[in-house]
Amino acid sequence: MSLKVLDPGPLTTVQDAGRTGYAAKGYRVCGAADSYAYRLGNMLIGNAPGAAVLECTLRGAALQFETDTVFALTGAVSPAALDGVPVPYYAPLFAKAGSTLQMGMASTGLRSYLAVGGGITTLPVLGSRATDLKCCIGGLDGRKLAKGDTLPTGLCDTTALWQKIITRHLDRPLQDTCITTALHPVRTLGTQTFPLLRTVPGPQDAAFTSAGLHIFTHGVYQLTPNCDRMACKLAGPAIEMKHGADILSDGIAAGSVQISADSQPIVMLTDHQTTGGYAKIATVISADLPVLAQLRPGQAVAFTFVSPAQAVRAARRQAAILQQIAARLL
């Protein structure tokens, strides 16, 4: 079973839940930038939680299904058509062998996901199929997809799965934004409303003045053009430090907020390096990272501090929502 790439779009890669356990050797986690949309897509069609999917950036891909397939689209919504007939996001869908899926430009958001029954089954590297573009490992030869590529897909009893979906009336698109998006708080200033990213202070918050900490949680920052799967460089009010930004390099996690020498925040995303030498004022909680992964340059964000217990509760709320979706096909 396989999937043929007719048009890869500007940046389409194979991604899964990430490559964990190898940071000490210098390997990055990678994986889907919007982990919520990734997990939701797999759960809509009954895939295993770690199944690999396609992640498309800004504009989707055009693909041909070489076998009957159940699939789902999540993340940044773009016009999508199967054999010329529009299809929705956030719903299990059925494609006959030979059918062509065409995804267009995202109307909002940045990254779209395509999950197929059985998942994408390229060769795992260090336990993961996630594409690491800088190390050139995982996915399909460690690179973005190109026209003419063929992607293997896993075993799936498509007929039985689709029969179960339609019998239980699960082929209707999800409409509740509490389910289709990773819920997050917002901040409103005048007529502007933008995401409020929750962060846990530290590990180097003591390196900042009280004024710097206040600015971090009360300022508004815009994404610069210098954003990718590795990190988002932001621009806004300068964050005051006591003795400069440099520290002895230590570990980096997804969501780490480094403050660079120009006093501006850099938020690490899924392709982040394993260590870094800038002081980290805080860490964006895992529940809010999907929100940041869907923002485009020029969009605004703000930060607030929460406790580790609040971060855990937010993650559990998201997990509970996803589990409800998964339970429908059990």
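Coordinates for the structure precede this section.
Only a predicted model underlies this, so the values are computations on that prediction, with no experimental measurement involved.

(A) Spotlight on the layout of surface pockets. The computed volume of the largest pocket comes to approximately 670 Å³. As for the largest pocket, its lining consists of 29 residues, and the residues nearest its centre are Thr108, Gly109, Thr181, His184 and Gln294. The leading source of residues in the lining of the largest pocket is strand β13 (residues 192-201), at three residues. Residues belonging to the lining of the largest pocket are distributed by class as follows: 16 nonpolar, eleven polar and two charged. Together, 27 residues line the second largest pocket, and Ser35, Ala254, Ser286, Ala287 and Leu289 are the ones closest to its centre. Of all the secondary-structure elements, those providing two or more residues to the lining of the second largest pocket are α1 (35-44), β13, β20 (280-284) and α6 (308-327). Looking at the lining of the second largest pocket, its residues break down into 16 nonpolar, nine polar and two charged.

(B) A look at the sheet that holds strand β5 (residues 69-75). Strand order in the open sheet formed by five strands is β2-β3-β10-β5-β8, and the pairing between neighbours is antiparallel. Both edges of this open sheet fall to β2 (12-15) and β8 (93-95), since each of them pairs with a single strand only. Averaged over all neighbouring strand pairs, the angle between strand axes comes to 30 degrees, with direction disregarded. Across five bridges, the pairing between β5 and strand β10 (residues 111-116) is antiparallel. Its bridge partner being in β10, Thr74 is matched across the sheet by Tyr113. Its contacts with the sheet place helix α2 (residues 158-167) against β5 and β8, and it is angled at close to 60 degrees to β5.

(C) A look at the state of the cysteines. As enumerated under the stated definition, the model contains zero disulfides in all. For the unlinked cysteine Cys30, the closest cysteine sulfur is that of Cys135, found at 7.0 Å. Cysteine Cys232 shares no disulfide, and the gap to the nearest cysteine sulfur, in Cys227, comes to 3.9 Å.

(D) The packing of aromatic side chains, seen in detail. Overall, the coordinates contain seven aromatic pairs when judged by the stated rule. Following the ring pairs from residue to residue traces out a cluster consisting of Phe216, Tyr221, Phe303 and Phe305.

(E) Structural context of the sheet that holds strand β9 (residues 100-103). With antiparallel pairing, the six strands of this open sheet are ordered in space as β7-β6-β9-β4-β1-β11. Each end of this open sheet is capped by a strand with a single partner; those strands are β7 (85-86) and β11 (150-152). By the bridge criterion, three bridges tie strand β4 (residues 62-65) to β9 in an arrangement that is antiparallel. Note that in β9 the partner of Gln64 across the bridge is Thr100.

(F) Looking closely at the environment of Thr181. Tracing the backbone shows Thr181 in the loop between α3 (177-180) and β12 (186-189). Along the primary structure Thr181 and Val291 are separated by 110 residues, whereas in three dimensions their C-alpha atoms are 8.4 Å apart.

(G) The arrangement of the pairing of strand β16 (residues 246-251) in detail. Along β16, only zero of the six residues are buried, which leaves the element largely exposed. In this structure, β16 lies alongside strand β19 (residues 275-278), joined through three bridges in antiparallel fashion. Looking at the pairing, Asp250 lines up with Gly276 of β19.

(H) Highlighting empty space enclosed by the protein. Under the defined criterion, the tally for this structure stands at one cavity of 30 Å³ or more. The calculated volume of the largest cavity comes to roughly 50 Å³. Around the largest cavity, the lining residues are Met1, Thr67, Asp68, Thr69, Val70, Gly117, Thr153, Gly154, Cys156 and Thr158. Grouping the constituent residues of the lining of the largest cavity by class yields three nonpolar, six polar and one charged.

(I) Representation of the environment of Leu58 in the model. As for its position among the elements, Leu58 is in the loop between β3 (53-57) and β4. Sequence separation between Leu58 and Met105 is 47 residues, and the spatial gap between their C-alpha atoms is 6.0 Å. Leu58 has contacts with Gly104, Met105, Ala106, Leu110 and Arg296, leaving out every residue within four places of it along the chain.

(J) Quick peek at α1. The buried fraction of α1 is high, at eight of ten residues. Among the residues of α1, Tyr36, Ala37, Tyr38, Leu40, Gly41, Asn42, Met43 and Leu44 are the ones counted as buried. At the N-terminal end of α1, a side-chain oxygen is found 3.2 Å from the backbone nitrogen of Tyr36, two or three residues along, and the residue is Asp34. Where α1 ends, the next residue or the one after it, Gly46, has phi of about 75 degrees, a positive value.

(K) Just the pattern of salt bridges, in detail. The full count for this structure, using the stated rule, is ten salt bridges. Among the ionic pairs, Arg28 bridges to Asp132, the shortest N-O distance being 2.3 Å. With Arg28 in the loop between β2 and α1 and Asp132 in the loop between β10 and β11, this pair connects stretches of sequence that are 104 residues apart. Per residue, the accessibility class of Arg28 equals that of Asp132, and both read buried. Notably, a salt bridge pairs Asp250 with Lys280, separated by 2.5 Å at the nearest N-O pair. Of this pair, Asp250 sits in strand β16 while Lys280 sits in strand β20, and the two are 30 residues apart along the sequence. Look at Asp250 and you get partly exposed, because its relative accessible area is 25%. You can call Lys280 buried: its relative accessible area is 2%. It is possible to trace a salt-bridge network through shared partners that takes in Glu55, Arg111, Arg229 and Asp271.

Rules used throughout
Residues numbered from 1 in each chain as written. Predicted model: local features only at pLDDT ≥ 70, side-chain atom pairs only at ≥ 80, totals over all residues. Heavy atoms only, no water. 1 Å grid on protein atoms, 1.4 Å probe; cavity = no way out; pocket = protein on both sides within 12 Å on 5 of 7 lines; lining within 4 Å. Points joined across faces, edges and corners; volume = space filled by probe spheres on them. Helix = DSSP H or I, 4+ residues; strand = E, 2+ residues; numbered from the N terminus. Nonpolar A, V, L, I, M, F, W, Y, C, P; charged D, E, K, R; others polar. Pairing = 2+ DSSP bridges. Axes fitted to C-alpha atoms, helices over the stretch in contact; angles between N-to-C directions. Contact = heavy atoms within 4.5 Å. Disulfide = S-S within 2.5 Å. Phe/Tyr/Trp six-rings, centres within 6.5 Å; stacked < 30°, edge-to-face > 60°. Buried < 20%, exposed > 50% of the residue type's maximum accessible area, 1.4 Å probe, protein only. Polar contact = N/O pair within 3.5 Å; in protein donor to acceptor, adjacent residues only side chain to side chain. Salt bridge = Lys/Arg side-chain N within 4 Å of Asp/Glu carboxyl O.

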